[in-house]
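Chain and residue survey
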Amino acid sequence: MKKLRLLFGFLAVILLAGVMLYSCQSDGSESYHFEEEELTAADLFVASENYQSFSAEIRKDMRKLTQTLELFTDAQYNAFFHLNEMAANSSDRSETEVIMKQISDMVGFDYQERNVRLATLTCETFSGQEFSQMELIKARQNII
């Protein structure tokens, strides 16, 4: 009786394995492939080394700023964002420079130089590219 149960158990395992192997095989009549999408200029740009280095630089900068802001008290944090808002809405260049100096003193590095460096890097990276912002967003979503 024990041998008979063992035999039926082995047969069931073999039958189950055979069914699983057979179901995984495709005879070509079934369509399991995905339709290929045509690559756009934005897709190629996002895959480029230039864009990858740009993204790495942005991530590095954001990490540095985030680490700095995490050390702030609530009052310092609010003051930082208030000064940024004032600098963005200021129409007087000398007033903006004074505000940027205050922000630089708060964060411990030259904040205005950081902004200029990131703006220059952005212009260099995206100059000559002929695609819309929506195409770039779609291309970035495709790689995630």
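Everything that follows concerns the structure shown earlier in this document.
Throughout what follows, the structure given in this document is the object of discussion. All values derive from a computational prediction rather than experimental measurement. (Residues numbered from 1 in each chain as written. Predicted model: local features only at pLDDT ≥ 70, side-chain atom pairs only at ≥ 80, totals over all residues. Heavy atoms only, no water.)

**What about the packing of helix 4 (residues 74-89) against helix 5 (residues 93-107)?**
Two numbers describe how helix 4 lies on helix 5: the axes approach to 9 Å, and their chain directions differ by 155 degrees. The orientation of helix 4 relative to helix 5 falls into the category roughly antiparallel. Considering the relative orientation of helix 4 and helix 5, their crossing is left-handed. Contacts between helix 4 and helix 5 pair Gln76, Ala79, Phe80, Leu83, Asn84, Met86 and Ala87 from the former with Thr96, Ile99, Met100, Gln102, Ile103, Met106 and Val107 from the latter. Counted by class, the contact of helix 4 with helix 5 contains ten nonpolar, four polar and no charged residues. (Axes fitted to C-alpha atoms, helices over the stretch in contact; angles between N-to-C directions. Helix = DSSP H or I, 4+ residues; strand = E, 2+ residues; numbered from the N terminus. Parallel < 35°, antiparallel > 145°, perpendicular 65-115°, else oblique. Left-handed = near helix turned anticlockwise from the far one by under 90°. Contact = heavy atoms within 4.5 Å. Nonpolar A, V, L, I, M, F, W, Y, C, P; charged D, E, K, R; others polar.)

**So, the pattern of salt bridges**
Inspection of every chain in the model, using the stated rule, returns six salt bridges. Glu57 serves as the salt-bridge partner of Lys60, at 3.7 Å between the closest nitrogen and oxygen. Placement of both Lys60 and Glu57 in helix 3 (residues 49-70) is noted, with a separation of three residues, approximately one turn of the helix. Here Glu57 falls in the partly exposed class, since its relative accessible area comes to 22%. Taken together, the shared-partner salt bridges connect Glu57, Lys60, Asp61, Arg114 and Arg117 into one network. (Salt bridge = Lys/Arg side-chain N within 4 Å of Asp/Glu carboxyl O. Buried < 20%, exposed > 50% of the residue type's maximum accessible area, 1.4 Å probe, protein only.)

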